[in-house]
Amino acid sequence: MKKIIIGLFTLFSLTFSNEVILKKELTYNKYTLENFYKYKNTSREFQWEKIENKISAIERFKSKYPKIGTLRNFKNSNGNPAQLESFLTSPERDKYGVRRYQGIPLYQSLDKKPLRYGWDGSLVGIIEEKDGFVKIKIKGIDGEWWTPKRYVKQILNEPTDKLIFIDRRNQNIVTL
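Treat the numbers as computed from the prediction; the structure is a model and nothing was measured.

S.K.: Break down the overall build of the protein chain for me, citing the residues and quoting the values.
M.R.: Along the protein chain, the regular secondary structure elements total one helix and 13 strands. The linear arrangement of helices and strands in the protein chain, starting from the amino end, is β-β-β-β-α-β-β-β-β-β-β-β-β-β. Looking at the protein chain as a whole, 35% of its 176 residues qualify as buried. Within the protein chain, residue pairs in contact and separated by at least 24 positions form 56% of the contacts whose partners lie at least 6 positions apart.

S.K.: Kindly report on the side chain of T70, identifying the contributing residues and their values.
M.R.: Looking at where T70 falls in the secondary structure, it is placed in strand β5 (residues 68-71). For T70, a relative accessible area of 12% translates into the label buried. At a separation of 3.4 Å, a polar atom in the side chain of T70 contacts the side chain of R72. Residue contacts for T70: discarding those within four places in its chain leaves G121, S122, V124, Y151, V152, K153 and I155.

S.K.: So what's going on with the sheet that holds β5? Residues and values would help.
M.R.: Sheet strands associate in pairs through backbone hydrogen bonding, adopting either a parallel or an antiparallel arrangement. Read across the sheet, five strands follow the order β10-β9-β8-β5-β11 without closing on themselves; strand pairing throughout is antiparallel. Edge positions in the open sheet fall to β10 (144-148) and β11 (152-155), since each of these has one partner strand only. Neighbouring strand axes in the sheet, compared pairwise and without regard to direction, differ in orientation by 45 degrees on average. Two elements, strand β9 (residues 133-138) and β10, share five bridges in a ladder whose sense is antiparallel. By the bridge assignment, V134 is partnered in β10 with T147.

S.K.: For the environment of K62, give the residues involved together with the corresponding values.
M.R.: Tracing the backbone through its elements, the reader meets K62 in helix α1 (residues 48-64). Expressed as a C-alpha distance, the spacing of K62 and N157, which sit 95 residues apart in the sequence, is 7.0 Å. Excluding anything up to four places from it in sequence, K62 contacts I68, L123, N157, E158, P159 and T160.

S.K.: Which residues make up the confidence of the model for the protein chain, and what values do they have?
M.R.: Residues with a pLDDT of 70 or more make up 86% of the protein chain, whose mean pLDDT is 83. With pLDDT under 50 throughout, residues 1-16 is counted as low confidence; its partners more than four residues away or in other chains account for 37 contacts.

S.K.: Run through unusual backbone geometry, naming residues and quoting values.
M.R.: The phi angle at D131 is positive, at roughly 50 degrees, despite the residue not being glycine. Mapped onto the elements, D131 comes out in the loop between β8 (123-130) and β9. D131 sits in the exposed class, given a relative accessible area of 66%. If you check the backbone angles, Q171 has positive phi at about 55 degrees while not being a glycine. Looking at the secondary structure, you find Q171 in the loop between β12 (164-167) and β13 (172-175). With a relative accessible area of 53%, Q171 lands in the exposed category.

S.K.: An account of the nonpolar core is needed here, citing residue identities and associated values.
M.R.: Grouped together as the largest cluster of nonpolar side chains are twelve residues: L71, I104, L106, V124, I126, V134, I136, I138, I141, W145, Y151 and V152. Where this core is concerned, the elements lending two or more residues are β6 (103-106), β8 and β9. Among the elements that make up this core, the one with the highest residue count is β9 (three residues). Among all residues touching V152, those that are not within four sequence positions of it are T70, L71, V124, I126, V134, I136 and T147. The next biggest cluster of nonpolar side chains, apart from the first, holds eleven residues, and it includes L22, W48, L163 and V174.

Reading guide: rules and limits
Residues numbered from 1 in each chain as written. Predicted model: local features only at pLDDT ≥ 70, side-chain atom pairs only at ≥ 80, totals over all residues. Heavy atoms only, no water. Helix = DSSP H or I, 4+ residues; strand = E, 2+ residues; numbered from the N terminus. Buried < 20%, exposed > 50% of the residue type's maximum accessible area, 1.4 Å probe, protein only. Contact = heavy atoms within 4.5 Å. Polar contact = N/O pair within 3.5 Å; in protein donor to acceptor, adjacent residues only side chain to side chain. Pairing = 2+ DSSP bridges. Axes fitted to C-alpha atoms, helices over the stretch in contact; angles between N-to-C directions. pLDDT = per-residue confidence, 0-100. Core = buried A, V, L, I, M, F, W, Y, C linked by side-chain atoms within 4.5 Å.

The structure is reproduced here in structure tokens:
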């Protein structure tokens, strides 16, 4: 089996413009792929512009909230989430395809059943805490939601220095 070493990339974040610039600094280039390359019958590419845009979006999101965290419940490690108020698909998935056994229950108000599940591992801004619940804003989901505190792991809101991007369409991975 051949090993392919892509290289080491440096991440620069210009705080005055929220712009991200990626600069290639290879320490070893014998098996390094070009930005566009052939693989069997297809051609593939590294989508640098999309990666830069995603990094910028993450940094903008993080700058809005003094406290951030991630949603955690892989294989119900933090407890079986409550059933939804109504199901549009099966009882084990919400209408967005999130499975109950690794979902996080999201409530619009604390006096009702959850309306949907959040994705495990999602980045969240922590707004407030009340009676064992946390009010959060989830990156990529509209609105503010309540969820039990046990499903939110608070993390340090520091500049991002390590990221991994997986491109399913081009079947490649970029590590920054």
